[in-house]
Amino acid sequence: MVIGVKAGWDSSANGELLGGHVRIPLVRNGVFELFPSLEAIFLRGTKEYQYNVDAAWVPSGVRGGVFAGGGVGWRDSVIGTELGNPRQTFFGFNAFGGGRTNLGPVQIEFLLRWTFLNDTAYQPNSASLGINLPLWRAAPPS
């Protein structure tokens, strides 16, 4: 199990993002993970929030390397809102890819995420760099 923090850029919202995530191995060798995360996107004068529940495929397992996955997300946004209703939450689907490597007791992670929101033309995508702290590690298969 790994916990991590990340910082990056949301190009569609044109704002910085800060977030956190947890990686929970679904199989002992770490090839499949449950990957819940949250992000705050800082726009001029306001913030947006995105909550994700994803699954990741990590071909090299606990050793790291490249990964890919997808899942669902909710975006609490000010885009397309009316004056009386300043925020709306949109449901959508995520696709992502990236890589991570061990660096001493921590992991460095790079992530690209695309979010396809329902009921809007707003399709945010982001790039982030993060630091993960493994709480425990399963031994890689020999």
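One can find the structure itself at the top, above this paragraph.
Note that the structure is predicted; figures quoted are calculated from it, not measured. Note that residues are indexed from 1 along each chain, following the sequence as it is written. The predicted nature of this model means local features are confined to residues of pLDDT at least 70 and side-chain atom pairs, given and counted, to a pLDDT of 80 or more, with totals for whole chains, interfaces and linings taken over all residues. Where side-chain values are given, they derive from all heavy atoms of the structure, hydrogens and water being excluded.

### Digging into the nonpolar core
The nonpolar side chains of a soluble globular protein tend to be buried with one another.
Thinking step 1. Buried residues of nine kinds, namely Ala, Val, Leu, Ile, Met, Phe, Trp, Tyr and Cys, make up a nonpolar core once their side-chain atoms join them within 4.5 Å. Only protein chains enter the area calculation, which uses a 1.4 Å probe; residues under 20% of their type maximum are buried, those over 50% are exposed, and those in between are partly exposed. Counting seven residues, the largest nonpolar core consists of A13, L17, I41, L43, F90, L117 and Y122.
Thinking step 2. Residues are treated as being in contact if the distance between any of their heavy atoms lies within 4.5 Å. Residue contacts for L43: discarding those within four places in its chain leaves A13, G15, E48 and V78.
Thinking step 3. The next biggest cluster of nonpolar side chains, apart from the first, holds six residues, and it includes A56, V58, F67 and F96.

### Regarding the packing of aromatic side chains
Thinking step 1. Any pair of Phe, Tyr and Trp rings, taking the six-membered ring for Trp, is counted once the centres come within 6.5 Å. Such a pair is stacked with planes under 30 degrees apart, edge-to-face with planes over 60 apart, and tilted for the rest. Applying the stated criterion across every chain, the model contains four aromatic pairs.
Thinking step 2. Plain terms: the ring middles of F91 and F93 are 5.3 Å apart, the flat faces sit at 80 degrees to each other, and that makes the pair edge-to-face.
Thinking step 3. What makes F93 partly exposed here is its relative accessible area of 43%.
Thinking step 4. Ring-pair connections join several aromatic residues into one group, and the members of that group are F35, F67 and F96.
Thinking step 5. A ring is scored as having a charge over it whenever the NZ atom of a lysine or the CZ atom of an arginine sits within 6 Å of its centre and within 35 degrees of its normal. Against the face of F67 rests R23, its NZ or CZ located 4.5 Å from the ring centre.

### Some remarks on the pairing of strand β3 (residues 32–43)
Thinking step 1. Two strands qualify as a pair provided DSSP detects at least 2 bridges between them. Working definition: helices are DSSP H or I runs of at least four residues, strands are E runs of at least two. Numbering for both runs from the N terminus. As defined by bridge partners, strand β2 (residues 15–25) adjoins β3 across eight bridges and the pair is classed as antiparallel. Within β3, the residue paired with L17 across the bridge is I41.
Thinking step 2. Across 12 bridges, the pairing between β3 and strand β4 (residues 46–57) is antiparallel. Looking at β4, one finds that A40 is bridged to Y49.

### Thoughts on the environment of F96
Thinking step 1. With respect to the secondary-structure elements, F96 resides in strand β6 (residues 88–103).
Thinking step 2. By relative accessible area, which is 4% here, F96 ends up buried.
Thinking step 3. Along the primary structure F96 and A56 are separated by 40 residues, whereas in three dimensions their C-alpha atoms are 8.6 Å apart.
Thinking step 4. Those residues in contact with F96 that sit more than four places away from it in its chain are F35, D54, A55, A56, F67, A68, G69, G70, L111, L112, R113 and W114.

### Some words on the sheet that holds β6
Thinking step 1. Spatial ordering of the closed barrel is given by β1-β2-β3-β4-β5-β6-β7-β8, a layout of eight strands whose pairing is antiparallel. Taking each pair of neighbouring strands and ignoring which way they run, the sheet shows an average axis angle of 25 degrees.
Thinking step 2. Of the pairings in the sheet, the one linking β6 to strand β7 (residues 106–117) comprises 12 bridges and is antiparallel in character. Counted as the bridge partner of F96 is R113 from β7. Where helices are involved, their axes are fitted lines through C-alpha atoms of the stretch in contact, as for all axes, and angles between N-to-C directions lie from 0 to 180°.

### Topic: the pattern of salt bridges
Thinking step 1. The term salt bridge refers to a side-chain nitrogen of Lys or Arg lying within 4 Å of a carboxyl oxygen of Asp or Glu. Overall, the coordinates contain nine salt bridges when judged by the stated rule.
Thinking step 2. Between R23 and E109 there is a salt bridge, and its shortest N-O distance comes to 3.0 Å. Here R23, found in strand β2, pairs with E109, found in strand β7; they are 86 residues apart in sequence, far enough to count as distant.
Thinking step 3. A relative accessible area of 1% places R23 in the buried class.
Thinking step 4. Taking relative accessible area as the criterion, E109 reaches 3% and is therefore assigned buried.
Thinking step 5. One salt bridge in this structure joins E39 and R113, with 3.7 Å as the shortest N-O distance. Within this pair, whereas E39 is found in strand β3, its partner R113 is found in strand β7, the two being separated by 74 residues in sequence.
Thinking step 6. Classification of E39 by relative accessible area gives buried; the value is 2%.

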